[in-house]
Amino acid sequence: MGGLEITTTEKNILQTFVGSCVAICVYDPQAKIAGMAHVMLPKNNSSDHYPKPEGKFADVALKILLERLVANGAKTNRLKAKMAGGANVFQNEGKQTIFNIGLRNVDTIRATLAEKKIPIVSEDVGANNGRWVIFDVNSSEMKIKERTKGEKVI
Amino acid sequence: MSTLSYLSSEETQTLNKIFCQYITSKTAVALSTLLSEPINHNINILNNGVTQIKNITLAPNEIKVCAVRLNGKGDTHIEILYTLNQEHAKKIAAKLLCQTDIREIDEMGASAIQEVANIMTGSFFNALSRGTGFRVDLSTPNFANDELCSLIDNSVKDVMNLTEFAVVADVELVGRTSGTKLHMIIMQNPDNARKLLANHSDKPDTNNEVNSETVVLAQETSEPYTIGGGNTELDALLGDIIQENNN
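Bear in mind the structure is a predicted one, so any value in this text is a computation, not a measurement. (Residues numbered from 1 in each chain as written. Chains lettered and ligands numbered in written order. Predicted model: local features only at pLDDT ≥ 70, side-chain atom pairs only at ≥ 80, totals over all residues.)

Let us now look at the overall build of chain B. Each helix and strand counted, chain B has eight helices and seven strands in total. Within chain B, the fraction of its 247 residues that count as buried is 42%. Of the contacts made within chain B by residues no fewer than 6 positions apart, 72% connect residues no fewer than 24 positions apart. (Helix = DSSP H or I, 4+ residues; strand = E, 2+ residues; numbered from the N terminus. Buried ≥ 20, exposed ≤ 12 C-beta atoms within 10 Å, placed from the backbone. Contact = placed C-beta atoms within 7 Å.)

Next up, the structure:
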């Protein structure tokens, strides 16, 4: 959790399990390079500009992802994004609550990517259950497995 | 630092009741939702703290356990260690990963179990915050596969010296249908335990509409907490809400 990883020639698949966290994948389909961050919270409000783990805060995670992707040969004008997660897992806290951290993570990621003009090609967010998220950089497919809905590809 | 190390039996009983309230109202409900089955729980505040839990006789398949370590730091410092034996860890991971069974806990299985621990911890500290007004920053979960004694030592050494007395609550949570069992071991030093006892008050838990609920929460946070410290992550979230309400 809070992890951040970029594909390599040996590692084409990025995967993680998310509840209220969001798995955000940014990729260059032409260069066949991708990065995934397991985002837990929307904003870094600590005094540390590069807190660990790197993927924990959406704003820091997206900054680092883009830097690393470009450093490894991706072109910013070709970048696309897919995301999954952001479930309302603290549902017993009340009907609507500030602790709907899932929604806040999703909103922050959407806003940040819009600023950087990176289109979110597809997403599977919200609802109430955790998701197993698997991204294959060769096909650019994101496979999602969820307990009540089974498997889907976005 | 308090001159009294051990909690009195009255203090222990009250702490047990408070934890029971937090677990019943939030943590067990969160786990029940994740596993889609009702959960029974049982809390035991150990008289002899760390020594007692390390001296528990374990079956051979329980000496090495899957564990997730988390903590909350800020107005208090509480360490939480979740432990499960390998079989139950595989059951939980398989359920969340939509598989009938899994042969071993790999990276994905560990990720799923960490998420369970993260959600349960968030629920617990939400209940603690409501009950005491405490604000804490939660750590990122750390998964480990190790002997129980080593895991306990790693958690408790951040709370206090190993030679001192730690207040340890062992919460056993069991899935009524599957029999899946996990332990939530809550550790703190006696000063923080007494601080919790002194600050806890029973408040009604209301399910109001979003506007009135967020306004109430926003108003509460505009008053200074009597206990110092801060929670930068929670402040960021609350700041957004207050700004939205003012717009």
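Here we take up the sheet that holds strand β8 (residues 141-146) of chain A. Residues and elements named next belong to chain A. With respect to topology, four strands assemble into an open sheet ordered β2-β7-β8-β9, the strand pairing being antiparallel. In this open sheet, the two strands that pair with only one neighbour each are β2 (13-18) and β9 (150-153). Each adjacent strand pair in this sheet contributes to an overall mean axis angle of 15°, direction not counted. Pairing geometry for strand β7 (residues 131-136) and β8, over six bridges, is antiparallel. Note that in β8 the partner of Asp 136 across the bridge is Glu 141. (Pairing = 2+ DSSP bridges. Axes fitted to C-alpha atoms, helices over the stretch in contact; angles between N-to-C directions.)

Time to look at the nonpolar core. Of all hydrophobic cores here, the largest spans 112 residues; its most connected members are Ile 24 and Cys 25 of chain A together with Ile 113 of chain B. Here this core gets 12 residues from one element, more than from any other, and that element is helix α4 (residues 107-132) of chain B. If near-sequence neighbours (up to four positions away) are discounted, Ile 24 of chain A is found in contact with Met 36, Ala 37, Val 39, Ala 81, Met 83 and Ile 109 of chain A. (Core = buried A, V, L, I, M, F, W, Y, C linked by C-beta atoms within 7 Å.)

Before going further, it helps to examine the packing of helix α3 (residues 86-96) of chain B against α4 of chain B. All names here are of chain B. It is at 9 Å that the axes of α3 and α4 come closest, and there the two elements cross at 90°. Between α3 and α4, the angle falls in the class roughly perpendicular. Here α3 contributes Ala 89, Ile 92, Ala 93 and Leu 96 to the contact with α4, which in turn contributes Gly 109, Ala 112, Ile 113 and Val 116. (Parallel < 35°, antiparallel > 145°, perpendicular 65-115°, else oblique.)

Attention shifts here to the environment of Ser 36 of chain B. Counting through the fold element by element, Ser 36 of chain B comes out in the loop between α1 (9-35) and β1 (39-46). Sequence spacing of Ser 36 of chain B and Ala 144 of chain B is 108 residues, and the spatial spacing of their C-alpha atoms is 25 Å.

What follows is about the environment of Ala 169 of chain B. All names here are of chain B. Assignment of secondary structure puts Ala 169 in strand β6 (residues 167-175). Separated by 154 residues in sequence, Ala 169 and Leu 15 place their C-alpha atoms 9.1 Å apart. Leave out the neighbours within four places in its chain, and Ala 169 touches Phe 19, Ile 43, Ile 45 and Ile 186.

Let us look at the sheet that holds strand β4 (residues 33-39) of chain A. Residue and element names in this part refer to chain A. Read across the open sheet, the five strands follow the order β1-β4-β3-β5-β6; overall the sheet is mixed. On the outer flanks of this sheet lie β1 (4-6) and β6 (120-125), each paired with one strand and no other. Recorded for the sheet is a direction-independent mean angle of 10° between the axes of neighbouring strands. As defined by bridge partners, strand β3 (residues 22-28) adjoins β4 across seven bridges and the pair is classed as antiparallel. Bridge pairing in β4 places Val 26 opposite Gly 35. Sheet contacts for helix α1 (residues 58-71): β1, β3 and β4; angle to β4, the most-contacted strand, approximately 165°. Helix-sheet contacts for helix α2 (residues 101-115) involve β3, β4, β5 (80-85) and β6, and the interaxial angle to β3 is about 20°.

So, on to helix α5 (residues 148-156) of chain B. An α-helix turns once per 3.6 residues; consequently, residues spaced three or four apart project the same way. All names here are of chain B. Those residues of α5 lying buried are Leu 148, Leu 151, Ile 152, Ser 155 and Val 156. Around the axis of α5, the buried residues are gathered within 120° of arc, so they sit on the same side. Considering only its buried residues, α5 is in contact with α2 (49-54), β2 (64-74), β3 (77-84), β5 (142-147) and β7 (181-188). (Arc of directions from axis to C-beta.)

Residues and elements named next belong to chain B. Between α1 and α4, the shortest axis-to-axis distance is 9 Å and the interhelical angle comes to 145°. For the crossing formed where α1 meets α4, the hand is right-handed. Judged by residue contacts, Ile 18, Tyr 22, Ser 25, Lys 26, Thr 27, Ala 30, Leu 31 and Leu 34 of α1 engage Val 116, Ile 119, Met 120, Ser 123, Phe 124, Asn 126, Ala 127, Leu 128 and Gly 131 from α4. Residues belonging to the contact of α1 with α4 are distributed by class as follows: 11 nonpolar, five polar and one charged. (Left-handed = near helix turned anticlockwise from the far one by under 90°. Nonpolar A, V, L, I, M, F, W, Y, C, P; charged D, E, K, R; others polar.)

Okay, the pairing of β3 of chain B next. All names here are of chain B. Most of β3 is tucked away: seven of the eight residues are buried. The turn joining β2 and β3, which pair antiparallel and follow one another in sequence, is formed by two residues. Looking at chain direction, β3 and β7 are connected through five bridges and run antiparallel. Among the inter-strand pairings, Leu 81 is bridged to a residue of β7, identified as Ile 185.

Quick look at the confidence of the model for chain B now. For chain B, mean pLDDT is 78; residues scoring 70 or higher make up 75% of the total. Listed scores for the predicted complex are pTM 0.77 and ipTM 0.71. (pLDDT = per-residue confidence, 0-100.)

Moving on: the confidence of the model for chain A. Of the residues in chain A, 93% reach a pLDDT of 70 or more, and the chain-wide mean stands at 88. Taken as a whole, residues 94-98 of chain A scores under 50 in pLDDT and shows 11 contacts with residues more than four places along the chain or in a different chain.

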